[in-house]
Amino acid sequence: MLILGIESSCDETAAAVVRDGREIVSSVIASQIDLHRPWGGVVPELASREHLEKIEPVVTEALQKANVTVQDIDAIAVTQGPGLIGSLLVGVCYAKALAWGLDIPLVGVNHIEGHVYSVNFENPPVEYPALALIVSGGHTNIFHIPAEGQYKVVSRTRDDAAGEAFDKVAKMLGLGYPGGPIIEKLALDGDASHVKFPRAKISDGRPDLSFSGLKTAVSRYIKENTIDPLQNGDTPTQSIKDLAASFQRSVVSALVDTLEKLAAGLQPKTLIVAGGVACNMALRQAAEAAASRLNIPVCFPSKHLSTDNAAMIAAAGYFHLKHGERADPTMTADITLRLQNLDVEQLKGKAKYRL
Ligand code: KG4
Ligand code: ZN
């Protein structure tokens with residue numbers, strides 16, 4: 001089955017042609033990073049306008065690179081949510097019109113489920129039960145996946161996503177956007193034990209995560225130690241490098257300690273670490289070390305599949321299409337889309353924070 005995947009949930013317009021959910025025939029990503037950089041973050045109105053400009057050329061390029069025409073496509077999978085509404089709508093409307101015009105099946109995909117499936121291309125097939133840490137700019141969750149397609153959130157951030165924390169700390173230090181790759185680079189020359197940041201404690205004892213206190217602690221440290229944010233072209237000082245390394249270590253150890261504790265209890269057959277922050281080598285090394293202590297294999301997507309892309313959306317869509325799921329004509333973008341589909345009853349009225 002040849003699936004055209006379409007992704008436009010945030011600041012990447014992406015299209016990919018994927019065969020049978022596991023083979024990338026083509027993958028095209030138009031990143032808007034340069035457009036948003038002057039604002040230090042994604043500007044939703046600019047993002048949706050840019051998606052409108054790029055969606056047609058990006059899909060055309062994906063088809064050309066795959067050496068196929070639209071007539072060769074068997075089905076379309078599109079990111080339905082969560083994400084920015086104006087951005088999502090561009091992909092969803094385009095996909096609906098194309099599927100309707102071609103009279104082929106369409107399926108709406110949860111973006112987070114896409115990140116779970118980003119490990120599908122370069123790893124052996126995932127064995128279930130699995131435990132997946134999905135860490136990106138918008139989301140930080142650990143999912144227990146007892147069988148393919150079944151999700152229970154076993155840990156979530158109560159406030160900021162891990163990638164968001166990287167971006168905000170980079171902004172405070174005048175490092176640029178997106179912050180994750182810049183902080184990772186500076187941290188290579190920094191002393192991670194230089195600043196000891198306290199680990200957030202969750203009062204109800206759940207294995208949840210929190211990064212806003214860490215962000216405040218970094219901000220306080222910057223003021224108390226009179227660290228000046230960089231101006232354009234400044235060379236980063238050793239104290240900025242030490243701070244970057246210490247901050248990164250705090251985020252990585254909070255994520256990996258939680259993953260390890262949950263894995264020790266749930267005993268999954270596979271660990272998955274995916275999402276934009278999974279590009280971070282310190283996170284990968286710590287997750288690999290935890291996986292070897294637990295004696296459980298860990299899967300990562302390669303870097304270009306860790307950040308947003310459409311191949312992962314096509315891979316997740318393949319699973320749903322194989323199970324006969326079809327989007328009806330009323331399907332639309334949904335920023336509140338949740339991935340958890342196990343024990344949802346228990347959750348009703350309690351989901352006050354982002355999933
Ligand atoms: O998955 P993604 O492309 O978009 C969302 O769905 O949010 O993730 C983007 C996030 C940004 O916050 C970015 O700073 C972070 O991933 N990121 C990193 C690294 N590369 C990207 N964070 C830490 N280290 C990196 N090397
Ligand atoms: Zn993402």
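Residues numbered from 1 in each chain as written. Chains lettered and ligands numbered in written order. Predicted model: local features only at pLDDT ≥ 70, side-chain atom pairs only at ≥ 80, totals over all residues. Heavy atoms only, no water.

**A short note on the pattern of salt bridges**
Between side chains of opposite charge, pairing is possible as soon as their charged atoms come close.
Move 1: Tallied over the entire structure, the rule returns 13 salt bridges.
Move 2: For Asp160, the salt bridge identified is with Lys168, shortest N-O distance 3.6 Å.
Move 3: Under the relative-accessibility criterion, Lys168 is labelled partly exposed at 30%.
Move 4: For Lys168, the salt bridge goes to Glu164, with nearest N and O atoms at 3.3 Å. In this pair, Lys168 and Glu164 both sit in helix α5 (residues 162–172), four residues apart, roughly one turn of the helix.
Move 5: The buried category is assigned to Glu164, whose relative accessible area is 18%. (Salt bridge = Lys/Arg side-chain N within 4 Å of Asp/Glu carboxyl O. Buried < 20%, exposed > 50% of the residue type's maximum accessible area, 1.4 Å probe, protein only. Helix = DSSP H or I, 4+ residues; strand = E, 2+ residues; numbered from the N terminus.)

**Observations concerning the sheet that holds strand β8 (residues 152–156)**
Move 1: Sheet architecture is open: five strands sit in the order β8-β7-β6-β9-β10, paired in mixed fashion. The open sheet has two edge strands, β8 and β10 (298–299), and neither has a second partner.
Move 2: Relative to β10, strand β9 (residues 270–274) runs parallel, the two sharing two bridges. Looking at β10, one finds that Ile272 is bridged to Cys299.
Move 3: Lying over the sheet, helix α9 (residues 281–294) contacts β6 (130–135), β9 and β10, oriented at roughly 175° with respect to β9. (Pairing = 2+ DSSP bridges. Contact = heavy atoms within 4.5 Å. Axes fitted to C-alpha atoms, helices over the stretch in contact; angles between N-to-C directions.)

**Looking at the site of ligand 1**
Move 1: Near ligand 1 lie 20 residues; those nearest to it are Gly137, Asp167, Glu184, Gly276 and Asn280.
Move 2: Within the contact set of ligand 1, an oxygen atom lies 3.4 Å away from a side-chain nitrogen or oxygen of Ser136.
Move 3: One of the backbone nitrogen or oxygen atoms of Gly180 is found 3.1 Å away from an oxygen atom of ligand 1.
Move 4: Elements supplying a minimum of two residues to the shell around ligand 1: α4 (111–117), α5 and α6 (179–187).
Move 5: When residues in the shell around ligand 1 are grouped by element, the largest group, four residues, is from α6. (Near = heavy atom within 4 Å. Polar contact = N/O pair within 3.5 Å; in protein donor to acceptor, adjacent residues only side chain to side chain.)

**A short note on the confidence of the model for the protein**
Move 1: Across the protein, the average pLDDT comes to 94, with 97% of residues at or above 70.
Move 2: Across residues 351–355, where pLDDT falls below 50, the model places 16 contacts with residues more than four positions away in sequence or in other chains. (pLDDT = per-residue confidence, 0-100.)

**A short note on the sheet that holds strand β4 (residues 75–81)**
Move 1: Ordered in space as β3-β2-β1-β4-β5, the five strands form an open sheet in which the pairing is mixed. Lying at the two open borders of the sheet, with one neighbouring strand each, are β3 (23–31) and β5 (106–110). When the angles between neighbouring strand axes are averaged without regard to direction, this sheet yields 20°.
Move 2: Relative to β4, strand β1 (residues 2–7) is paired through four bridges, and the arrangement is parallel. Bridging from a neighbouring strand, Ile6 pairs with Val78 of β4.
Move 3: Strands β1, β2 (12–19) and β3 of the sheet are contacted by helix α2 (residues 44–66), whose axis makes an angle of about 25° with β2.
Move 4: Across the face of the sheet, helix α3 (residues 85–102) comes into contact with β1, β4 and β5 while running at roughly 155° to β4.

**Considerations on helix α8 (residues 238–266)**
Move 1: With 29 residues, α8 extends 41 Å between its outermost C-alpha atoms, agreeing within 8% with the 42 Å of an ideal straight helix rising 1.5 Å per residue.
Move 2: Positive phi appears at Gln267, one or two residues downstream of α8, with a value of about 50°. (Expected span 1.5 Å × (residues − 1).)

**Some remarks on the packing of α6 against α8**
Move 1: Following both chains from N to C, one finds α6 and α8 inclined at 110°, their axes separated by 8 Å at the closest point. Between α6 and α8, the crossing angle belongs to the class labelled roughly perpendicular. Crossing angle aside, the handedness with which α6 passes α8 is left-handed. Two secondary-structure elements touch here, α6 through Ile183, Glu184, Leu186 and Ala187 and α8 through Ile240, Lys241, Ala244, Ala245, Phe247 and Gln248.
Move 2: When its residues are assigned to classes, the contact of α6 with α8 shows seven nonpolar, one polar and two charged. (Parallel < 35°, antiparallel > 145°, perpendicular 65-115°, else oblique. Left-handed = near helix turned anticlockwise from the far one by under 90°. Nonpolar A, V, L, I, M, F, W, Y, C, P; charged D, E, K, R; others polar.)

**Some remarks on the coordination of the zinc ion (ligand 2)**
Move 1: Taken together, the protein donors to the zinc ion (ligand 2) comprise His111 (NE2), His115 (NE2) and Asp308 (OD), at separations of 2.0 to 2.1 Å.
Move 2: Note that the zinc ion (ligand 2) binds four donor atoms; their angles at the metal cover 94 to 141°, and the shape is irregular. (Donors = N, O, S within 2.8 Å, 3.2 Å for Na, K, Ca; no water. Tetrahedral: all angles 85-135°; square planar, octahedral: opposite > 155°, others 65-115°.)

**Section: the side chain of Asn280**
Move 1: Structurally, the position occupied by Asn280 is in the loop between β9 and α9.
Move 2: Reaching out from Asn280, the side chain makes a polar contact with the side chain of Gln248 at a distance of 3.0 Å.
Move 3: Setting aside residues up to four positions removed in sequence, Asn280 forms contacts with Phe166, Glu184, Gln248 and Val252.

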